[in-house]
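Here is what each chain is made of, one letter per residue.
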Amino acid sequence: TQLLEQSPQFLSIQEGENLTVYCNSSSVFSSLQWYRQEPGEGPVLLVTVVTGGEVKKLKRLTFQFGDARKDSSLHITAAQPGDTGLYLCAGVSGSARQLTFGSGTQLTVLP
Amino acid sequence: DAGITQSPRHKVTETGTPVTLRCHQTENHRYMYWYRQDPGHGLRLIHYSYGVKDTDKGEVSDGYSVSRSKTEDFLLTLESATSSQTSVYFCAIGPAGTPGANVLTFGAGSRLTVL
């Protein structure tokens with residue numbers, strides 16, 4: 001079983017601050033995804049990264065896939081209250097056929 | 001919406017009773033999944049389907065069964081519910097082809113409480 005560890009588990013910051021969320025594993029993943037989930041709803045896909053070292057930007061969100069494809073990070077610049085939610089990373093390894101999810105980072109951005 | 005509907009959205013039941021959750025999609029996607037979400041555990045795969053009548057077990061399949069008689073419907077059954085199955089259940093769909101199968105669209109969830 002591939003294990004994805006996310007840190008921090010909880011994060012509460014003020015509007016305008018920057019933050020980084022980490023997703024780490026000892027396994028190599030062929031691709032890694034980030035989802036955001038709001039209360040009472042299902043997760044929504046934000047981005048998929050597939051190449052080691054890949055960086056993708058989605059407005060104020062920057063996603064990076066580690067060179068060895070074992071880890072990823074999500075950086076949010078100038079956080080806004082609308083960024084509040086549960087952020088989940090999920091990966092597919094070569095030996096598995098389905099996504100493995102991390103336990104999530106609960107982000108709260110205070111106005 | 002994304003064309004995926006779960007029912008019921010909320011259910012309270014007693015230990016030992018059977019429960020069926022339904023997932024209906026209008027996207028004609030090949031892959032369908034059932035996950036459960038519990039605090040501190042993220043999303044864990046229960047069962048998945050890669051076509052009509054083609055299903056396989058996931059990480060936490062004990063106590064659950066599934067059926068897929070039509071492309072659009074994927075049913076999750078708890079034959080005899082236990083308190084440990086209190087959870088929020090999510091259905092997800094994915095198109096055919098790698099990585100499509102793992103690019104998931106989730107339903108809004110079904111909150112099940114077993115007393």
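If you're wondering where the values come from, they're calculated on a predicted model, not measured in any experiment.

Visitor: Describe the sheet that holds strand β6 (residues 55–58) of chain A, and please don't skip the residues or the numbers.
Guide: All names here are of chain A. With antiparallel pairing, the 5 strands of this open sheet are ordered in space as β1-β3-β8-β7-β6. Looking at strand neighbours, the two that pair on one side only are β1 (5–7) and β6, the edges of this open sheet. The sheet shows a mean angle of 15° between the axes of neighbouring strands, direction not considered.

Visitor: An account of the environment of Val109(A) is needed here, citing residue identities and associated values.
Guide: Residues and elements named next belong to chain A. With respect to the element layout, Val109 can be found in strand β11 (residues 105–110). Along the backbone, Val109 and Gly85 are 24 residues apart, and their C-alpha atoms lie at a distance of 8.8 Å. Beyond its immediate chain neighbours, meaning those up to four positions away, Val109 contacts Ile13, Gln14, Glu15, Ala79, Gln80, Pro81, Asp83 and Thr84.

Visitor: I'd love a proper account of unusual backbone geometry, names of residues and values included.
Guide: Trans peptide bonds make up the majority, and among non-glycine residues the majority have a negative phi. Of the consecutive residues Ser7(A) and Pro8(A), the connecting peptide bond is found in the cis state with omega at -10°. With respect to the helices, strands and loops of the structure, Pro8(A) is situated in the loop between β1 and β2 (10–14). Residue Pro8(B) is bonded to the preceding Ser7(B) through a cis peptide linkage, with omega at -10°. On the secondary structure map, Pro8(B) appears in the loop between β1 (4–7) and β2 (10–13). The phi torsion at Ala78(A) lies on the positive side, around 50°, for a residue other than glycine.

Visitor: Any details on the pattern of salt bridges? Residues and values, ideally.
Guide: Taken as a whole, this structure holds 6 salt bridges over all chains when the rule is applied. Between Glu54(A) and Lys56(A) there is a salt bridge, with its nearest N and O atoms 3.8 Å apart. Of the charged contacts, one joins Arg60(A) and Asp83(A) as a salt bridge, the two residues approaching to 2.9 Å between their closest N and O atoms. Residue Arg60(A) is found in the loop between β6 and β7 (61–65), and its partner Asp83(A) is found in the loop between β8 (71–76) and β9 (85–93); the two are separated by 23 residues along the sequence. One salt-bridge network, held together by shared partners, links Arg22(B), Lys70(B) and Asp73(B).

Visitor: Run through the sheet that holds strand β8 (residues 73–78) of chain B, naming residues and quoting values.
Guide: Residues and elements named next belong to chain B. The 4 strands lie next to each other as β1-β3-β8-β7, forming an open sheet whose pairing is antiparallel. Each of the sheet's edge strands pairs with one partner strand only, and the pair in question is β1 and β7 (64–70). Across the sheet, the mean angle from the axis of one strand to that of its neighbour is 15°, orientation sign disregarded. Both strand β3 (residues 19–25) and β8 contribute to a ladder of 6 bridges, which runs antiparallel. Looking across to β8, one finds that Leu21 is bridged to Leu76.

Visitor: Just give me the short version of the packing of aromatic side chains, but keep the residues and values in it.
Guide: The full count for this structure, using the stated rule, is 12 aromatic pairs over all chains. Aromatic side chains Tyr35(A) and Phe101(A) sit 5.6 Å apart centroid to centroid with 45° between the ring planes, which places their arrangement in the tilted category. Placement of Tyr35(A) in strand β4 (residues 29–37) and of Phe101(A) in strand β10 (residues 100–101) is noted, with a sequence separation of 66 residues between them. The class for Tyr35(A) is buried, based on a relative accessible area of 0%. An aromatic cluster is built from Tyr35(A), Phe101(A), Tyr31(B), Tyr33(B), Tyr35(B), Tyr48(B), Tyr50(B), Phe90(B) and Phe106(B), whose rings are joined through pairwise contacts.

Criteria and thresholds
- Residues numbered from 1 in each chain as written.
- Chains lettered and ligands numbered in written order.
- Predicted model: local features only at pLDDT ≥ 70, side-chain atom pairs only at ≥ 80, totals over all residues.
- Heavy atoms only, no water.
- Pairing = 2+ DSSP bridges.
- Helix = DSSP H or I, 4+ residues; strand = E, 2+ residues; numbered from the N terminus.
- Axes fitted to C-alpha atoms, helices over the stretch in contact; angles between N-to-C directions.
- Contact = heavy atoms within 4.5 Å.
- Salt bridge = Lys/Arg side-chain N within 4 Å of Asp/Glu carboxyl O.
- Phe/Tyr/Trp six-rings, centres within 6.5 Å; stacked < 30°, edge-to-face > 60°.
- Buried < 20%, exposed > 50% of the residue type's maximum accessible area, 1.4 Å probe, protein only.

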